[in-house]
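# Secondary and tertiary structure notes
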Amino acid sequence: MASSVTITLIFLFLLYSTEAKRTYIVRVKHSDKPESFSTHHDWYTSQLQSISTDPQSQSESESPLLYTYTTSFHGFSAFLDTNEAESLLSSDSILDVFEDPVYTLHTTRTPEFLGLNSELGVASGYSGHASNGVIIGVLDTGVWPESKSYDDYGMPEIPSKWKGECESGPDFDSKLCNKKLIGARSFSKGFQMSSGGGFSTKRESVSPRDVDGHGTHTSSTAAGSAVTNASFLGYAAGTARGMATGARVATYKVCWSSGCFGSDILAAMDRAILDGVDVLSLSLGGGSAPYHRDTIAIGSFSAMEKGVFVSCSAGNSGPTRSSVANVAPWVMTVGAGTLDRDFPAYGNLGNGKRLVGVSLYSGEGMGTKPLGLVYNKGNSSSSNLCLPGSLDPTTVKGKIVVCDRGVNARVEKGAVVRDAGGLGMIMANTAASGEELVADSHLLPAIAVGKKTGDLLREYIKSDLNPSALLVFKGTVLDVRPSPVVAAFSSRGPNTVTPEILKPDVIGPGVNILAGWSDAIGPTGLDKDSRRTQFNIMSGTSMSCPHISGLAGLLKAAHPEWSPSAIKSALMTTAYNLDNTNSPLRDAADNSLSNPHAHGSGHVDPQKALSPGLVYDISTEEYIRFLCSLDYTVDHIVAIVKRPSVNCSKKFSNPGQLNYPSFSVLFGGKRVVRYTREVTNVGEANSVYTVVVGGAPSVGISVKPSKLAFRSVGEKKRYTVTFVSKKGVSLTNKAEFGSITWSNPQHQVRSPVAFSWNRF
């Protein structure tokens, strides 16, 4: 009995201790390390021991130190209580201490849609074998190495610059890596500390293995090998391959069941830079934060300075205004658009009308007999959303249930209907999702319909005494028009951190994307889904981000001398703004015309990006001048740039003076805003470009000079743009848009312009 009480007391003490402690990221003056310590790690350990309130933490095995950061960040992360964290701040060497932020995942047709030749695996002018030297690092949920997407047949030896490794784990043999998948690591200390030191699912372990599927999907999208006869349960059949099939893949597992922790992300970015990656792809993010408190922004600055291109997803919080994430100007921020491929399904109603929707349902059909329809009939006020436990089995058994989209996962709604005895589901959009249709692999016959169709369906059920429907599935359809369309879920500008920088930068394919999948989990991700498939179809800016990461890899291979900023500029200024009906891009949220706050510079066009003509390059020093123009302290800027000190005497008068490939003009009470830009000729010698201005109704735009003549390749020219808000304009909460294009017979170098009159 006494021992039982003792064990209970020890458990309660440990529980209390765990609850009182949390992970903190600590920023340190790197140059302050005393000579008596041989390494920064030793110095940090000593600092933690000096403020520890836990005698057990004095030993190395019990040390609260989680990670020491040397490249992406100067400092460390540690598991501390509030008093210990505050004690650290009393040291002059400690610049900042903040809690570990948690980020979330932004969860075969694509190459052809982007103009990449499926036979050669490259666009005209790209060398398929040149990308063998490019290494794409993916920070995500890990990798399923057995996937055919990582087949290394015919690949040459691993580049000598590679310094990474393939880590082993309880369920991961390091020998599973090869000449395609050349690295696999995992970072879980931040996650484990947040979860009490354990894993929340039986599938998770400290290893690079992907038990979620997301990481395998994103990495194979970026650089997966070509796999013939690929499909998802018969849908989207064809050859599945990544954007840069010749590139190498290195995966860094930083996302776990409860999220992606900043301390783990920083450690992975630190390691990836040292390993020698050329591109970093992060399909994850959180809310907006100042750059000096944004771990992704801090880590990616170091990557950019080392010549590493960083691509991040914009987020899935659209169409909400100012919802875009990952907005640092040295990061490529990627929104999502549709493909010209769809998966049509229909609901034939008892009144003779037909609902048009989409679905990836692959099981047995419903036969030819219509079933009764029910909506909002259940045990709670949330039955319209089909939340768990909300449906009344006696009401829905044997019927098709209409569920409103929103709150819980789309596939979970189908599972809720099935568990309550329903035989089918129609998921109907509300105003939040508008007319956007995302296909899902439901566990029962189910289709998704847009808001207008959903409203008609709800009215039919309300007005008919015996409403009924029959669901019909039609497989895969290509050459859908119009496409691309901006996905309703794709997060939107304006940029709340720095309104003078237009975000997102571009959109890429992000709706119904086929790519590799983990064998540890069913395609819906639900525990009750026992199906297994080598490929899965997913949607999100998580899917569009690795498309751009792969394309950046191709550009890096074709132009190894280009900086990350030059690659970014090439992708932005050559992006297109017309769909396949030759009409302006539209927004799936309400089928209205899209704008740069939704699509940035437009939809990427890799063939044109190969030869952009002119690029807007940005040096590290220019980024520092940009940071100096913000309302940051010197310590804040040092945190980002990792230098002993910074000189802000040459700061920009306005953050919008940064040599960015797009423009965001914030008048803020002024009538005139003037920006200067510099372009570098990467096209032909003796080239002449003439400017064409697309104005906004309320703004006058003038460009001087109006003509740029380049005698040689690599030559740089500057121009100044003056934006004048017309008298009497009062657009408090409205934005307008225009464009500035430098053109000659070979190239169209286009920059979108966004105008706002007040800070959002």
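Residues numbered from 1 in each chain as written. Predicted model: local features only at pLDDT ≥ 70, side-chain atom pairs only at ≥ 80, totals over all residues. Heavy atoms only, no water.

## So, the overall build of the protein
Short version of the rule: Put simply, DSSP H or I for four residues or longer makes a helix, DSSP E for two residues or longer makes a strand, and each gets a number counted from the N terminus. For a compact globule the rule gives 2.2 Å times the number of residues to the power 0.38, and the radius of gyration it is set against comes from C-alpha atoms. We get accessible surface area from the Shrake-Rupley algorithm with a probe of 1.4 Å; when it comes to residues, only the shown protein chains can shield them. Charge counting follows a simple rule: Lys and Arg are positive, Asp and Glu are negative, and His as well as the terminal groups are ignored. One atom stands in for each charge, and that atom is NZ of Lys, CZ of Arg, CG of Asp or CD of Glu.
For the protein, the count of helices and strands is 17 helices and 39 strands. Relative to its length of 760 residues, the protein is compact, with a C-alpha radius of gyration of 27 Å against a globular reference of 27 Å. Here the protein has roughly 29,000 Å² of accessible surface; of this, 51% comes from carbon and sulfur atoms. Across the protein, the centroid of the 70 positively charged side chains sits 8 Å from that of the 67 negatively charged ones.

## Examining the nonpolar core
Formally: Side-chain atoms within 4.5 Å link the members of a nonpolar core, which is a set of buried Ala, Val, Leu, Ile, Met, Phe, Trp, Tyr and Cys residues. The rule is simple: take the accessible area with a 1.4 Å probe, protein chains only, and divide by the maximum for that residue type; under 20% is buried, over 50% is exposed, in between is partly exposed.
Ranked by internal contacts, the top residues of the largest apolar core, which has 98 residues, are I265, L280, L282, Y291, W330, L571 and L627. The element best represented in this core is helix 7 (residues 262-275), accounting for seven residues.

## Remarks on the packing of helix 7 against helix 8 (residues 295-305)
Filter applied, for reference: All axes are obtained by fitting lines to C-alpha atoms, using only the stretch in contact for helices, and the reported angles, taken between N-to-C directions, cover 0 to 180 degrees. Note on terminology: angles under 35 degrees are roughly parallel, angles over 145 are roughly antiparallel, angles of 65 to 115 are roughly perpendicular, and the others are oblique. When checking whether two residues touch, look at their non-hydrogen atoms; a contact exists if any pair is within 4.5 Å. Under the scheme applied, nonpolar residues are Ala, Val, Leu, Ile, Met, Phe, Trp, Tyr, Cys and Pro; charged residues are Asp, Glu, Lys and Arg; polar residues are all the others, including Gly.
Between helix 7 and helix 8, the shortest axis-to-axis distance is 9 Å and the interhelical angle comes to 5°. Taken together, helix 7 and helix 8 sit at an angle that is classed as roughly parallel. Where helix 7 approaches helix 8, its residues G262, I265, L266, M269 and I273 are matched on the opposing element by T295, I296, G299, S300, S302 and A303. By residue class, the composition of the contact of helix 7 with helix 8 is six nonpolar, five polar and no charged.

## Brief notes about the sheet that holds strand 2 (residues 65-69)
Basically, it comes down to this: Pairs of strands are assigned from DSSP output, requiring at least two bridges between the strands.
On the basis of which strands lie adjacent, the open sheet formed by four strands has the order 2-3-1-4 and antiparallel pairing. Strands at the two margins of the open sheet, each flanked by one partner only, are strand 2 and strand 4 (94-99). Averaged over all adjacent pairs, the angle separating strand axes in this sheet is 25°, with direction ignored. The pairing of strand 2 with strand 3 (residues 75-81) spans four bridges and is antiparallel. For T68, the partnering residue across the bridge sits in strand 3 and is F76.

## A look at the packing of aromatic side chains
The condition that has to hold: The pairing test for Phe, Tyr and Trp rings, Trp by its six-membered ring, is centres within 6.5 Å, and the orientation test on the planes gives stacked under 30 degrees, edge-to-face over 60, and tilted for anything in between. Throughout this description, the term charge over a ring refers to an Arg CZ or Lys NZ atom that lies within 6 Å of the ring centre and within 35 degrees of the ring normal.
All told, the structure shown has 24 aromatic pairs when counted by the stated rule. Geometrically, the ring pair formed by F187 and Y252 is stacked, given 6.4 Å between the ring centres and 25° between the ring planes. In this pair, F187 is assigned in the loop between strand 7 (181-186) and helix 5 (189-194) and Y252 in strand 10 (residues 248-253), connecting sequence segments 65 residues apart. Taking the relative accessible area as the measure of exposure, F187 reaches 9% and is therefore buried. Look at F301 and W330: their rings are 5.0 Å apart centre to centre, the planes differ by 90°, and that puts the pair in the edge-to-face class. In this pair, F301 is assigned in helix 8 and W330 in the loop between strand 15 (309-313) and strand 16 (332-337), connecting sequence segments 29 residues apart. Neither F301 nor W330 differs from the other in exposure class; each is buried. The structure contains a cluster of three or more aromatic residues connected by ring pairs, namely Y291, F301, W330, Y623, F626 and Y632. Cation over ring: R209 sits above W144, and NZ or CZ is 4.4 Å from the ring centre. If you follow R354 out to its NZ or CZ, it ends over the ring of Y346, 3.9 Å from the centre.

## Digging into the UniProt feature "active site" (unreviewed entry) in the protein
Convention followed: UniProt positions are given in the numbering used here, feature names are shortened, and annotations may be inferred rather than shown by experiment.
Per the UniProt record, "active site" (unreviewed entry) is found at D140, H214 and S542. Of the residues just listed, which span 403 residues, no C-alpha pair is farther apart than 9.8 Å, and they cluster in one region. Along the polypeptide, D140 turns up in strand 6 (residues 135-140). Setting aside residues up to four positions removed in sequence, D140 forms contacts with L105, H214, G215, T218, Y252, K253, V254, C255 and S283. Note that S542 resides in helix 12 (residues 541-558).

## Some words on the confidence of the model for the protein
The cut-off we apply is this: For every residue, the pLDDT score states the predictor's confidence, bounded by 0 at the bottom and 100 at the top.
The pLDDT averaged across the protein works out to 90; a share of 92% of its residues lies at or above 70. Contacts of residues 1-19 to residues separated by more than four positions or lying in other chains number two contacts, the stretch itself having pLDDT below 50. Counting contacts from residues 118-124, a segment whose pLDDT is below 50, to residues more than four positions away or on other chains yields 14 contacts.

## Focus on the pattern of salt bridges
In plain terms, the rule: Here, a salt bridge means any Lys or Arg side-chain nitrogen found within 4 Å of an Asp or Glu carboxyl oxygen.
The tally for this structure, following the rule as stated, stands at 22 salt bridges. Residue R458 is joined to D455 by a salt bridge in which the shortest nitrogen-to-oxygen separation is 2.9 Å. Of this pair, R458 and D455 both sit in helix 11 (residues 451-463), three residues apart, which is roughly one turn of that helix. With relative accessibility at 34%, the residue D455 sits in the partly exposed group. The partner of D587 in a salt bridge is R492, with the nearest N and O atoms 2.6 Å apart. Of this pair, D587 sits in strand 30 (residues 586-587) while R492 sits in the loop between strand 26 (485-486) and strand 27 (506-509), placing them 95 residues apart in sequence. One salt-bridge network, held together by shared partners, links E167, R185, R271 and D275.

## Quick notes on the environment of A325
Its place among the elements puts A325 in the loop between strand 15 and strand 16. By relative accessible area, A325 is classed as buried at 4%. The spatial distance from the C-alpha of A325 to the C-alpha of G700 is 31 Å, given a sequence separation of 375 residues.

## Examining the packing of helix 6 (residues 214-223) against helix 12
Formally: Two helices cross in a left-handed way if the nearer one is turned anticlockwise from the farther one by less than a right angle. They cross in a right-handed way if the turn is clockwise.
Interhelical geometry of helix 6 versus helix 12 gives an angle of 35° and a closest axis separation of 7 Å. Crossing handedness for the pair helix 6 and helix 12: right-handed. Note on element contacts: helix 12 touches helix 6 through S542, M543, P546, H547 and G550, opposite H214, H217, T218, T221 and A222.

## So, the state of the cysteines
Cut-off, in case you're wondering: Here, a disulfide means two cysteine sulfur atoms that sit within 2.5 Å of each other.
Within this structure, the stated rule accounts for four disulfides. Each sulfur in the disulfide pair C386 and C403 lies 2.0 Å from the other. Taking the sign of the S-S torsion, about -85° here, the bridge from C386 to C403 comes out left-handed. A residue pair is termed long-range when its members are at least 10 positions apart, and C386 in the loop between strand 20 (371-375) and helix 9 (393-396) and C403 in strand 21 (residues 400-404) qualify at 17 residues. If the cysteines joined by disulfides in the protein are listed in sequence order, their pairing comes out as 1-2, 3-4, 5-6, 7-8. Here C545 stays free of any disulfide, with the sulfur of C312 as its closest cysteine sulfur at 6.1 Å. What makes C545 buried here is its relative accessible area of 0%.

## Points about unusual backbone geometry
A cis geometry characterises the amide bond from R481 onward to P482, with omega recorded as -5°. For P482, the position within the fold is in the loop between strand 25 (477-478) and strand 26. Residue P504 follows K503 across a cis peptide bond; omega there is 0°. Not every positive phi belongs to a glycine, and D479 is a case in point at roughly 60°. Note on placement: D479 falls in the loop between strand 25 and strand 26.

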